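Take a look at the letters that make up each chain.
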Amino acid sequence: MTKTIHILNGPNLNLLGKREPEIYGDITLDNVAADCSRLATDLGLETQLMQSNHEGQIVDWIHQARDKAAGIIINPAAYTHTSVAILDALNTFEGPVLEVHISNVHKRESFRHHSYVSLRADGVIAGFGVEGYQLALRRMASLLAD
């Protein structure tokens, strides 16, 4: 049976490819979803990519992942630095969790240097652009193969 990976994206990532291309590039979230889906097939996985600008929706998706997903890749965006609720939800998930950031958050404003999600994440990928999602997916495949 194919293992499903939920790829969760936080606020403003629906504007990927349009918002601050000098930081985030010009690839859209739909492009990311397609690229991840292709790679997942090669790795023997399936992906379900979701995006919301609403913290509670992301929490609900994490709760749903408990019964439906083998792992979570999450780019919580601005909620990275503020959401104890997302951290608490991730702490209820028993599979691997990987945190992804398109930009190198450590080269940006100081408030972006702290991540609540990192307290739960099994790994963090930052600063590799949208390629970070594929790196996370490859790592997820390795974690699930063990």
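Everything below is about the structure printed above this text.
Figured I'd write up the structure that's included with this text. (Residues numbered from 1 in each chain as written. Predicted model: local features only at pLDDT ≥ 70, side-chain atom pairs only at ≥ 80, totals over all residues. Heavy atoms only, no water.)

Observations regarding the pattern of salt bridges
The full count for this structure, using the stated rule, is two salt bridges. Measuring nitrogen to oxygen at the nearest pair gives 2.4 Å for the salt bridge that ties Asp35 to Arg38. Of this pair, Asp35 and Arg38 are both found in helix α2 (residues 29-43), three residues apart, which corresponds to roughly one turn of the helix. (Salt bridge = Lys/Arg side-chain N within 4 Å of Asp/Glu carboxyl O. Helix = DSSP H or I, 4+ residues; strand = E, 2+ residues; numbered from the N terminus.)

Quick word on unusual backbone geometry
Positive phi is not limited to glycine here, since Asn12 has a value of about 75 degrees. You will see that Ala77, though not glycine, has its phi angle at about 55 degrees, which is positive. Along the chain, Ala77 falls in the loop between β3 (71-75) and α4 (84-90).

Section: the sheet that holds strand β1 (residues 3-9)
Taken in spatial order, the five strands line up as β2-β1-β3-β4-β5 in an open sheet, and their pairing is parallel. Each edge of the sheet is formed by a strand with only one pairing partner; in this case those strands are β2 (45-51) and β5 (123-126). Taken pair by pair, the neighbouring strands of this sheet meet at an average axis angle of 20 degrees, ignoring direction. Two elements, strand β4 (residues 97-101) and β5, share four bridges in a ladder whose sense is parallel. Bridged to His101 within β5 is Ala126. Packing of α2 onto the sheet brings it into contact with β1 and β2, and relative to β2 it is tilted by some 165 degrees. (Pairing = 2+ DSSP bridges. Axes fitted to C-alpha atoms, helices over the stretch in contact; angles between N-to-C directions. Contact = heavy atoms within 4.5 Å.)

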